[in-house]
Amino acid sequence: MKQITIAIDGHSSCGKSTMAKQLARQLGYIYVDTGAMYRAVTLYAMRNTIRPDGTLDTALLQKRMSYVAVGFVLDKETGLPLTTLCGEVVEDAKRRMDVSARVSEVAALPFVREAMTREQKQMGRNGGIVMDGRDIGTVVFPDAELKVFVTASAEVRARRRFDELRAKGEEAVYEDILQNVKERDYIDSHREVAPLRQATDAILLDNSHMTREEQSAWLLEKARDTISRRNNAQS
Ligand code: DC
């Protein structure tokens with residue numbers, strides 16, 4: 001059976017990763033969270049290229065980019081992918097609020113996007129992949145067999161991120177998170193390189209009023225339909 005490529009794009013904190021991860025498990029496909037890759041590069045930049053005044057030295061980051069190895073290893077217990085930066089597992093560090101606050105700035109740098117896009121294309125070269133991000137259906141895999149664009153209101157997304165942080169026992173202020181969500185929406189959709197936008201052939205999913213189970217069932221049905229149409233067309 002042909003394994004397809006599934007691109008899931010959309011706004012931040014709308015549950016894309018959870019849906020995509022579950023779909024990959026159900027189909028036996030590889031799952032790649034490209035936001036995690038941009039967060040790992042941001043962590044590198046914050047650790048190694050911060051100037052005394054707190055700004056990022058992007059020229060230094062560009063010079064070092066070929067050493068910034070971002071990848072994934074499988075957690076032996078859960079079977080889920082863990083993000084690595086130069087061989088170190090950075091799964092928890094990459095979700096910190098200070099990383100969230102700077103990731104859009106780093107993700108907008110053309111040399112960062114170029115390096116990550118190259119890596120992502122390589123990861124998905126044989127299909128059988130569910131990749132989530134902002135530009136997967138438009139730039140990374142414009143020929144993906146199934147493209148979904150996920151969104152929800154900024155308030156619903158901020159509430160979900162707030163609950164997630166609180167559940168982990170982290171300090172969180174709802175208003176700060178809402179502001180961060182809105183700022184990232186703005187930067188992600190207005191940057192020059194690979195801005196966030198819905199691919200013309202993507203299916204829109206507004207999950208503001210859907211449960212996780214409803215979203216997952218919806219997505220699995222779309223994927224199964226696409227896979228069976230592909231297979232019928234080929235036989
Ligand atoms: O999905 P996320 O919130 O973890 O993504 C983190 C940031 O990375 C987000 O601000 C947008 C950016 N990003 C991107 O520019 N392109 C992608 N393919 C994935 C994420």
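Residues numbered from 1 in each chain as written. Predicted model: local features only at pLDDT ≥ 70, side-chain atom pairs only at ≥ 80, totals over all residues. Heavy atoms only, no water.

(A) Inspection of the site of the ligand at higher detail. The environment of the ligand is formed by 16 residues, the closest being Thr34, Arg39, Arg113, Asp135 and Arg191. Within the side chain of Thr34, one N or O atom sits 3.0 Å away from a nitrogen atom of the ligand. Here Arg184 contributes a side-chain N or O atom positioned 3.0 Å from an oxygen atom of the ligand. With the chains in place, 99% of the 450 Å² that the ligand exposes on its own is no longer accessible. Going through the elements one at a time, α2 (34-48), α4 (97-107) and α8 (174-190) are the ones with two or more residues in the shell around the ligand. In terms of residues, the shell around the ligand owes the most to one element, α2, which gives four residues. Looking at the shell around the ligand residue by residue, the classes come out as four nonpolar, four polar and eight charged. (Near = heavy atom within 4 Å. Polar contact = N/O pair within 3.5 Å; in protein donor to acceptor, adjacent residues only side chain to side chain. Areas by Shrake-Rupley, 256 points an atom, 1.4 Å probe, with all protein chains shown as cover. Helix = DSSP H or I, 4+ residues; strand = E, 2+ residues; numbered from the N terminus. Nonpolar A, V, L, I, M, F, W, Y, C, P; charged D, E, K, R; others polar.)

(B) The nonpolar core, seen in detail. In terms of nonpolar packing, the biggest core is built from 33 residues, with Val41, Leu61, Met65, Val70, Val112 and Met116 touching the most fellow members. Among the elements of the structure, α2, α4, α5 (110-123), β6 (129-133) and α6 (136-140) are those that each provide at least two residues to this core. Looking at this core, the element that brings in the most residues is α2, giving eight residues. Ignoring any residue separated from it by four or fewer positions in sequence, one finds Val112 in contact with Tyr38, Val41, Leu61, Met65 and Val106. Tyr31, Val150, Ala152 and Leu220 belong to the second-largest nonpolar core, a separate cluster that totals 21 residues. (Core = buried A, V, L, I, M, F, W, Y, C linked by side-chain atoms within 4.5 Å. Buried < 20%, exposed > 50% of the residue type's maximum accessible area, 1.4 Å probe, protein only. Contact = heavy atoms within 4.5 Å.)

(C) Quick peek at the packing of α4 against α8. Viewed as axis vectors pointing N to C, α4 and α8 meet at an angle of 25 degrees, and their least axial separation amounts to 9 Å. Considered as vectors, α4 and α8 are oriented roughly parallel to each other. α4 and α8 meet at a crossing whose hand is left-handed. Note on element contacts: α8 touches α4 through Ile177, Asn180, Arg184, Ile187 and Asp188, opposite Met97, Ser100, Ala101, Val103 and Ser104. In terms of residue class, the contact of α4 with α8 is built from five nonpolar, three polar and two charged. (Axes fitted to C-alpha atoms, helices over the stretch in contact; angles between N-to-C directions. Parallel < 35°, antiparallel > 145°, perpendicular 65-115°, else oblique. Left-handed = near helix turned anticlockwise from the far one by under 90°.)

(D) Structural detail: the side chain of Arg184. Relative to the assigned elements, Arg184 resides in helix α8. No salt bridge is formed by the buried Arg184. Its closest oppositely charged neighbour is Asp188, at 5.4 Å. Excluding residues within four positions of it along the chain, Arg184 makes contact with Ser12, Ser13, Arg39, Ser100, Val103, Ser104, Arg134 and Arg161. (Lys, Arg positive; Asp, Glu negative; His and termini not counted. Salt bridge = Lys/Arg side-chain N within 4 Å of Asp/Glu carboxyl O.)

(E) Expanded view of the packing of aromatic side chains. Inspection of the entire model under this criterion finds one aromatic pair. Between Phe162 and Tyr174 the ring centres are 6.3 Å apart and the planes differ by 85 degrees, which places this aromatic pair in the edge-to-face class. Taken together, the residues Phe162 in helix α7 (residues 154-167) and Tyr174 in helix α8 connect sequence positions twelve residues apart. With relative accessibility at 18%, the residue Tyr174 sits in the buried group. One residue, Arg159, lies across the ring of Tyr174, its end atom 4.7 Å from the ring centre. (Phe/Tyr/Trp six-rings, centres within 6.5 Å; stacked < 30°, edge-to-face > 60°. Lys NZ or Arg CZ within 6 Å of the ring centre and 35° of its normal.)

By themselves, these figures tell us nothing about what the structure is for.
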